[in-house]
Amino acid sequence: MIAIRPGTDADRPQIVERIAEVFGHAQAQRAERLWDWQWHQDPRLPTPGYRGMVADWRGRIIGNLSTTPAGLHLGGAPVSAHWCFDVLVHWGLMRQALKEHRRSAPADAPDLSGGIAAALLDQAAAGQIQLAKHISDPMMVILERIGFTAMGASGSLHRRVSLKHTLGRALGQRLGGLIGSLADLALPRGAKPRLPVEVLTGAFDARFDHLWDTVHPLYPAICRRDAQTLNWRYRRHPESDHYQVLTTGDGARLRGYAVLLTYTKGQRRWAKIVDLLTAPGDREAIDALTAGALCALRTWRAERVEVFACGDGTAALFQSMGFVPRLTKSDRPQPLMVRALPAAAAGIYVTQGDGDGG
């Protein structure tokens with residue numbers, strides 16, 4: 001019989017093995033590298049240890065769903081909610097297990113008529129309020145079938161940052177960099193910042209707690225972003241050297257920050273605006289941080305930058321700065337998907353760094 005049960009740290013070897021078999025060895029190695037940071041150091045966890053659901057067949061895990069506390073606040077008050085990610089089902093093992101399950105499962109066996117992925121998400125232990133993003137087309141069909149809905153005006157956007165790296169590969173670093181610098185002058189820069197932008201070199205400090213305490217009650221819904229959470233997420237991340245943080249403010253008063261990620265994939269140089277927080281509608285601070293981010297990423301020779309926008313009119317704001325929707329290979333958007341989210345949370349603010357950060 002196939003059993004759907006909460007996962008534990010004891011399932012770690014099999015979960016990593018299944019990730020390798022379904023998503024590849026690189027993904028499995030990264031999951032192994034991030035395990036302790038993700039499941040034992042996250043300040044949002046009520047107790048350390050893996051959180052998620054697994055489908056167990058004869059002691060073998062044939063599917064799993066990872067869930068992590070969202071730290072969700074509605075109108076300034078914390079509520080229980082979970083991010084759902086890393087949903088996988090091993091196709092070969094699933095076929096064997098379902099064949100046996102249909103033939104010999106007892107009457108009280110879990111209902112798998114909607115598939116194993118749906119059964120994992122439907123378990124009470126996975127949480128009632130569920131959030132998910134960056135969903136593949138096949139998984140989107142499953143989510144819609146079991147009651148997830150898309151948040152309007154949400155999804156990934158991207159834009160060109162610089163041609164230096166692209167031309168440098170084709171023409172050599174010196175000539176390509178020179179021509180790229182001239183070509184970059186034609187790319188839209190956005191509004192000129194009217195606030196100073198600085199690089200944060202140390203830890204997230206008490207200023208970030210004050211910013212969080214001040215702004216989070218102003219959002220209809222937002223996930224936890226105090227200094228403790230930010231330090232765990234970006235300063236203690238095993239790949240923390242990839243992150244850069246920009247701040248803006250008036251003197252000692254912090255008005256906002258942006259977290260940037262740059263990375264090389266193959267021969268390409270990519271970037272993401274992973275997180276950005278200001279008071280709702282503080283266009284002056286948002287413009288300063290976004291312009292500062294584009295300037296910094298251009299200096300770091302990033303070719304293209306991606307951002308996830310949801311809530312507070314951020315999608316329209318980024319589109320006014322030259323960003324365009326980033327679609328899947330099948331030309332579909334990837335919005336924020338939610339289940340059981342209260343109506344009061346309409347307009348929830350979400351960035352790339354929420355959830356699994358992907």
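Residues numbered from 1 in each chain as written. Predicted model: local features only at pLDDT ≥ 70, side-chain atom pairs only at ≥ 80, totals over all residues. Heavy atoms only, no water.

## A closer look at helix H1 (residues 12-23)
Between its first and last C-alpha atoms H1 spans 16 Å; for twelve residues at 1.5 Å apiece the expected length is 16 Å, and the two agree. Of the surrounding elements, those touching the buried residues of H1 are helix H2 (25-40), strand E2 (52-57), strand E3 (60-69), strand E6 (82-89) and helix H3 (91-104). Backbone geometry just downstream of H1 places Gly24 in the positive-phi region, at approximately 110°. (Helix = DSSP H or I, 4+ residues; strand = E, 2+ residues; numbered from the N terminus. Expected span 1.5 Å × (residues − 1). Contact = heavy atoms within 4.5 Å.)

## What about the sheet that holds strand E4 (residues 72-74)?
Taking strand neighbours across the sheet as the criterion, the three strands line up as E5-E4-E11 in an open arrangement whose pairing is antiparallel. Every other strand in the sheet has two partners, leaving strand E5 (77-78) and strand E11 (221-223) as the edge strands with one partner each. Relative to E5, E4 runs antiparallel, the two sharing two bridges. Residue pairing for E5: Leu74 is matched across the bridge by Ala77. (Pairing = 2+ DSSP bridges.)

## Comments concerning the pairing of E6
Along a regular strand, successive side chains alternate from one face of the sheet to the other. When E3 meets E6, the two strands line up antiparallel, connected through six bridges. Across the sheet, Pro69 pairs through a bridge with His82, a residue of E6. In this sheet, strand E7 (residues 130-132) lies alongside E6 in parallel orientation, the contact comprising two bridges. Note on E7: the bridge partner recorded for His82 is Gln130.

## What to know about the packing of aromatic side chains
Taken as a whole and judged by the stated rule, the model has twelve aromatic pairs. Here the aromatic rings of Phe204 and Tyr234 are separated by 6.4 Å at their centres, their planes lie at 45°, and the arrangement is tilted. Of this pair, Phe204 sits in the loop between strand E10 (197-200) and helix H8 (206-215) while Tyr234 sits in helix H9 (residues 227-235), placing them 30 residues apart in sequence. Across this residue pair, the class does not change: Phe204 and Tyr234 are buried. With a centroid separation of 6.2 Å and an interplanar angle of 70°, the aromatic rings of Phe204 and Tyr257 are classed as edge-to-face. Here the residue Phe204 occupies a position in the loop between E10 and H8, and Tyr257 occupies one in strand E13 (residues 253-265), the gap between them amounting to 53 residues. Accessibility assignment for this pair places Phe204 and Tyr257 in one class, buried. (Phe/Tyr/Trp six-rings, centres within 6.5 Å; stacked < 30°, edge-to-face > 60°. Buried < 20%, exposed > 50% of the residue type's maximum accessible area, 1.4 Å probe, protein only.)

## Focus: the packing of H1 against H2
One can describe the packing of H1 onto H2 by two numbers: an axis separation of 7 Å at closest approach and a directional angle of 150°. As summarised for this structure, H1 and H2 are arranged roughly antiparallel, according to the angle between their axes. Between H1 and H2 the crossing geometry is right-handed. The segment H1 lies against H2, with Arg12, Ile15, Val16, Ile19, Ala20 and Phe23 engaging His25, Gln27, Ala28, Ala31, Glu32, Trp35 and Asp36. (Axes fitted to C-alpha atoms, helices over the stretch in contact; angles between N-to-C directions. Parallel < 35°, antiparallel > 145°, perpendicular 65-115°, else oblique. Left-handed = near helix turned anticlockwise from the far one by under 90°.)

## Here we look at the sheet that holds strand E12 (residues 243-250)
Where strands meet in a sheet, backbone hydrogen bonds hold them as pairs that are either parallel or antiparallel. The seven strands lie next to each other as E10-E12-E13-E14-E15-E9-E16, forming an open sheet whose pairing is mixed. What marks the edges here is a single partner per strand, and that holds for E10 and strand E16 (324-325). In this structure, strand E9 (residues 155-160) lies alongside strand E15 (residues 304-309), joined through six bridges in antiparallel fashion. The partner of Ser156 across the bridge, within E15, is Phe308.

## So, the pattern of salt bridges
For side chains of opposite charge, pairing can occur when their charged atoms come near one another. A complete count under the given rule lists 24 salt bridges for this structure. For Glu21, the salt bridge goes to Arg18, with nearest N and O atoms at 3.0 Å. Here Arg18 and Glu21 lie together in helix H1, a separation of three residues that amounts to about one turn. Take Glu21: its relative accessible area is 41%, and that puts it in the partly exposed class. The class for Arg18 is buried, based on a relative accessible area of 3%. Note that Arg283 and Asp287 form a salt bridge whose closest N and O atoms lie 2.7 Å from each other. With Arg283 and Asp287 both in helix H10 (residues 283-299) and four residues apart, this pair spans about one turn of that helix. Judged by relative accessible area, which is 39%, Arg283 ranks as partly exposed. Through salt bridges with shared partners, one network takes in Arg194, Asp250, Arg253, Arg255, Asp282 and Glu284. (Salt bridge = Lys/Arg side-chain N within 4 Å of Asp/Glu carboxyl O.)

## Topic: H10
Each α-helix winds once per 3.6 residues, and so residues spaced three or four apart point in a common direction. Helix length check: H10, at 17 residues, gives a terminal C-alpha distance of 24 Å against a target of 24 Å (1.5 Å per residue), a fit within 8%. Of all the 17 residues making up H10, 13 are buried; the element is thus mostly covered by neighbouring parts of the structure. Two residues or fewer past H10, Arg301 is found with a positive phi of approximately 65°.

## Let's talk about the environment of Thr278
Within the element layout of this structure, Thr278 appears in strand E14 (residues 268-278). According to the relative accessible area criterion, Thr278 is buried, its value standing at 2%. Separated by 67 residues in sequence, Thr278 and Leu211 have C-alpha atoms that sit 7.9 Å apart. Ignoring sequence-local partners within four residues, the contact set of Thr278 consists of Val215, Tyr219, Arg255, Gly256, Ala285, Ile286 and Leu289.

## Some words on the pairing of E3
Across the ten residues that make up E3, a large majority, nine, are buried. One ladder, built from six bridges, connects E2 with E3; its direction is antiparallel. Along E3, the bridge assignment pairs Ala55 with Gly63. Linking two consecutive strands that pair antiparallel, namely E2 and E3, is a turn of two residues; a positive phi of about 55° is found at Arg58 within it.

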